[in-house]
Amino acid sequence: MPTPVTVVTAATDAGPAGLVVGSFVSVSLRPPLVGIFIDEKSASWPPMSAAGSFTVNVLAEDQRELCARFARSGGGAGKFAGLSWWESAHGNPVLPGTTAWLDCLVRQVQQLGDHFFAVAEVVGLGVDAGRPPLVFHRGALSTVSAARADAPDPGAVQPPPGPHPAAGRTGPGRPAPSTTTPSDRRDQA
């Protein structure tokens, strides 16, 4: 499944910091909450987490070099060397030319397996709908149009020939197979 490529940035005591986050999710609409997953081995995350806020920068399809810059391990403020950016209301770096940015206040950080899951409230944002996002799809950076072109045609997907292996089986706790068709179920609704 294609996922947007994001650079999460924060203003830390040591200066601006940032890292690429591949797992960025919507958590809630009311209040507006988002979540990010960060590898527990990240050297950039501990000072960012202590900052209490961060900005999610959704990279545009022409920002692969920016992605590579922030994907480097460590580096701290060095990742920002020679890079223009501006500060959000909470002082976090907002990268220019992105598809969108979300300024967030950290509400909870929890370790889940080998990642941290940070949940944050969105308190500011900006969107440039004319800039398609950079996405990660099938193990590589891609564009939305390329991800669509690579997707199989849903109309071309056919079920395997013959009956389903469980067809006709009933028993304790198993309902009898349905004899309705999708159009029958639609009529019943």
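Quick note: structure is the one above.
Residues numbered from 1 in each chain as written. Predicted model: local features only at pLDDT ≥ 70, side-chain atom pairs only at ≥ 80, totals over all residues. Heavy atoms only, no water.

**What about the sheet that holds strand β5 (residues 33–39)?**
Where we set the bar: Strand pairing requires that DSSP identify at least two bridges connecting the strands. Each helix is a run of DSSP H or I of at least 4 residues and each strand a run of E of at least 2, with the numbering of both proceeding from the N terminus. Axis definition: a line fit to C-alpha positions, over the contact stretch in the case of helices; interaxial angles, taken between N-to-C directions, run 0 to 180 degrees. Contacts are residue-level and defined by heavy atoms, with any inter-residue pair within 4.5 Å sufficient.
The seven strands are arranged β3-β2-β6-β9-β10-β5-β4 in an open sheet whose pairing can be described as antiparallel. Because the sheet does not close on itself, it has two edges, and the strands there are β3 (15–21) and β4 (23–28). Looking at each pair of strands side by side, their axes are set apart by 35 degrees on average, direction ignored. The sheet contact formed by strand β2 (residues 6–12) and β3 spans seven bridges and is antiparallel. Note that in β3 the partner of Ala11 across the bridge is Pro16. On the sheet, helix α2 (residues 64–71) packs against β2 and β3 and is oriented at approximately 110 degrees with respect to β3.

**Examining the side chain of Thr98**
We count it as follows: Residues adjacent in sequence count toward polar contacts only when both atoms are side-chain atoms; beyond that, a polar contact is any pair of N or O atoms within 3.5 Å, and within protein one must be able to donate a hydrogen and the other to accept it.
For Thr98, the position within the fold is in the loop between β8 (93–94) and β9 (100–112). Within the structure, the side chain of Thr98 is placed 3.3 Å from the backbone oxygen of Ala100, a separation counted as a polar contact. Excluding residues that lie within four positions of it along the chain, Thr98 makes contacts with Asn57, Val58, Leu59, Ala60, Gln63, Asp128 and Arg131.

**Side note on the sheet that holds strand β1 (residues 3–4)**
Note: strands within a sheet are paired through backbone hydrogen bonds, in either parallel or antiparallel orientation. The sheet built from three strands is open, its strands ordered β1-β11-β12 with antiparallel pairing. The open sheet has two edge strands with one neighbour each: β1 and β12 (140–143). As judged from the two bridges shared by β1 and strand β11 (residues 134–137), these two strands associate in the antiparallel manner. The residue bridging Pro4 from the neighbouring strand is Val135, located in β11.

**Considerations on the environment of Phe24**
Considering the arrangement of structural elements, one finds Phe24 in strand β4. Each C-alpha atom, one on Phe24 and one on Thr3, is 7.9 Å from the other, the two residues being 21 residues apart in sequence. Setting aside chain neighbours within four positions, we find Phe24 in contact with Pro4, Thr6, Val34, Gly35, Ile36, Val56 and Leu102.

**Section: the nonpolar core**
Worth spelling out the cut-off: Remark: nonpolar core denotes a set of buried residues (Ala, Val, Leu, Ile, Met, Phe, Trp, Tyr, Cys) joined through side-chain atoms within 4.5 Å. When accessible area is computed with a 1.4 Å probe and restricted to protein chains, residues below 20% of their type maximum are described as buried, those above 50% as exposed, and intermediate ones as partly exposed.
Ranked by internal contacts, the top residues of the largest apolar core, which has 21 residues, are Ile36, Trp45, Phe54, Val56, Leu102 and Cys104. Taken together, the elements giving at least two residues each to this core come down to β2, β3, β5, α1 (45–51), β6 (53–58), β9 and β10 (115–127). No other element matches β9, which puts four residues into this core. Among all residues touching Phe54, those that are not within four sequence positions of it are Val8, Thr9, Ala10, Ile36, Trp45, Asn92, Leu102, Asp103, Cys104, Val106, Ala118 and Ala120. By size, the runner-up hydrophobic cluster in this structure holds ten residues, among which are Leu59, Leu66, Phe70 and Leu95.

**Here we look at the pattern of salt bridges**
The condition is simple: Put simply, a salt bridge is a Lys or Arg side-chain nitrogen that is within 4 Å of an Asp or Glu carboxyl oxygen.
In total, this model carries two salt bridges according to the counting rule given. When the shortest N-O distance is used, the salt bridge between Asp62 and Arg131 registers 2.5 Å. Placement of the pair is Asp62 in the loop between β6 and α2 and Arg131 in the loop between β10 and β11, with a sequence separation of 69 residues. Linking Arg107 and Glu121 is a salt bridge whose minimum nitrogen-to-oxygen distance equals 2.8 Å. Separated by 14 residues along the polypeptide, Arg107 in strand β9 and Glu121 in strand β10 bring together distant segments of the chain. By relative accessible area, which is 49% here, Arg107 ends up partly exposed.

**Remarks on the pairing of β9**
In the sheet, β6 pairs with β9 via six bridges, with the strands oriented antiparallel. Within the sheet, the bridge partner assigned to Asn57 lies in β9 and is Trp101. Connecting β9 to the next strand, β10, in antiparallel fashion are two residues, including Gly113 with a positive phi near 60 degrees.

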